[in-house]
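Coordinate inspection notes
Residue strings, one per chain:
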Amino acid sequence: MNTIAAPRWPPVVAAAVAALLVAGLGAAATDLSPWYEALRKPAWQPPAWLFGPAWTLIFGLAAMAGVLGWVHAPHASARRRMLCLFALNGGLNVLWSALFFHFRRPDWALYEVGLLWLSVAWLALHLRASSRTAARLLLPYLAWVAFAAALNFAVVDLNAPFVAN
């Protein structure tokens, strides 16, 4: 007789809450104000409506990676390290939005986006040790941040210099 493993609700709930928290804080820091609208942007920038669905997918995949990382972690210290890496990544994700939109410093955000990309890569490498699937789920996030970095660079290149408010 086949039995189905019981869902592991605590990591599922924690991952969902964390993803919603980071998404909510990032969205709160993202102000598509007249300042942003006036920025020159490259012709290859995706339409504004695409960013919401893209981030929703990325955060959903990251939450699934977190659940798999939790379930397959070999010991408690690996879980703690994973949680610290996710927390670092979430903080860097929100910081990028704050630097770019709230502080209106795409130039500062350009430096920070490199740290954001490294945090995703570090997290994927850490998860790979216990779950290759979890690591693979972060690949779209890694690609999106690389694309965001290129877009950020183009915005800085087209609009610099920026001054503190």
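Just so you know, these numbers come straight off a predicted model, no measurement behind them. (Residues numbered from 1 in each chain as written. Predicted model: local features only at pLDDT ≥ 70, side-chain atom pairs only at ≥ 80, totals over all residues. Heavy atoms only, no water.)

**Let's talk about the overall build of the protein chain**
- Scanning the protein chain from N- to C-terminus turns up 7 helices and 0 strands.
- Overall, the protein chain shows an N-to-C arrangement of helices and strands of α-α-α-α-α-α-α.
- Taking the principal axes of the C-alpha coordinates as reference, the protein chain spans close to 65 × 25 × 25 Å.
- Counting every position in the protein chain, which comprises 165 residues, the buried fraction comes to 42%.
- Sequence separation of at least 24 residues holds for 77% of the intrachain contacts in the protein chain that already meet a minimum separation of 6.
- Accessible area of the protein chain: about 9700 Å², with a carbon and sulfur share of 71%.
- Placing the 11 positive and 5 negative side-chain charges of the protein chain at their respective mean positions leaves the two points 20 Å apart. (Helix = DSSP H or I, 4+ residues; strand = E, 2+ residues; numbered from the N terminus. Buried < 20%, exposed > 50% of the residue type's maximum accessible area, 1.4 Å probe, protein only. Contact = heavy atoms within 4.5 Å. Areas by Shrake-Rupley, 256 points an atom, 1.4 Å probe, with all protein chains shown as cover. Lys, Arg positive; Asp, Glu negative; His and termini not counted. Charge placed at Lys NZ, Arg CZ, Asp CG, Glu CD.)

**A short note on the environment of aspartate 157**
- Examined against the element boundaries, aspartate 157 turns out to sit in helix α7 (residues 139-159).
- Separated by 50 residues in the primary sequence, aspartate 157 and aspartate 107 have C-alpha atoms spaced 9.1 Å apart.

**Some points on unusual backbone geometry**
- That bond from alanine 160 to proline 161 is cis: its omega, 10°, falls within 30 degrees of zero.
- Note that proline 161 resides in the segment after α7.
- One non-glycine residue with positive phi stands out, namely arginine 104, at about 55°.
- In this structure, arginine 104 sits in the loop between α4 (76-102) and α5 (106-128).
- Classification of arginine 104 by relative accessible area gives partly exposed; the value is 28%.

**Considerations on α5**
- The end-to-end C-alpha distance of α5, which contains 23 residues, comes to 32 Å, matching closely the 33 Å that a straight helix rising 1.5 Å per residue would cover.
- Glutamate 112 marks the point of greatest bend in α5, at about 30°. (Expected span 1.5 Å × (residues − 1). Bend = angle between axes of the 7 residues up to and from the residue.)

**Observations concerning the side chain of asparagine 93**
- Structurally, asparagine 93 can be placed in helix α4.
- When its relative accessible area of 7% is taken as the criterion, asparagine 93 is described as buried.

**Side note on the packing of α4 against α5**
- For the pair α4 and α5, the least separation of the axes is 9 Å and the interaxial angle reads 160°. Taken together, the axis directions place α4 and α5 in an arrangement best described as roughly antiparallel. Seen along the crossing, α4 lies across α5 with a hand that is left-handed.
- Of the residues belonging to the contact of α4 with α5, the class tally is 20 nonpolar, 4 polar and 2 charged. (Axes fitted to C-alpha atoms, helices over the stretch in contact; angles between N-to-C directions. Parallel < 35°, antiparallel > 145°, perpendicular 65-115°, else oblique. Left-handed = near helix turned anticlockwise from the far one by under 90°. Nonpolar A, V, L, I, M, F, W, Y, C, P; charged D, E, K, R; others polar.)

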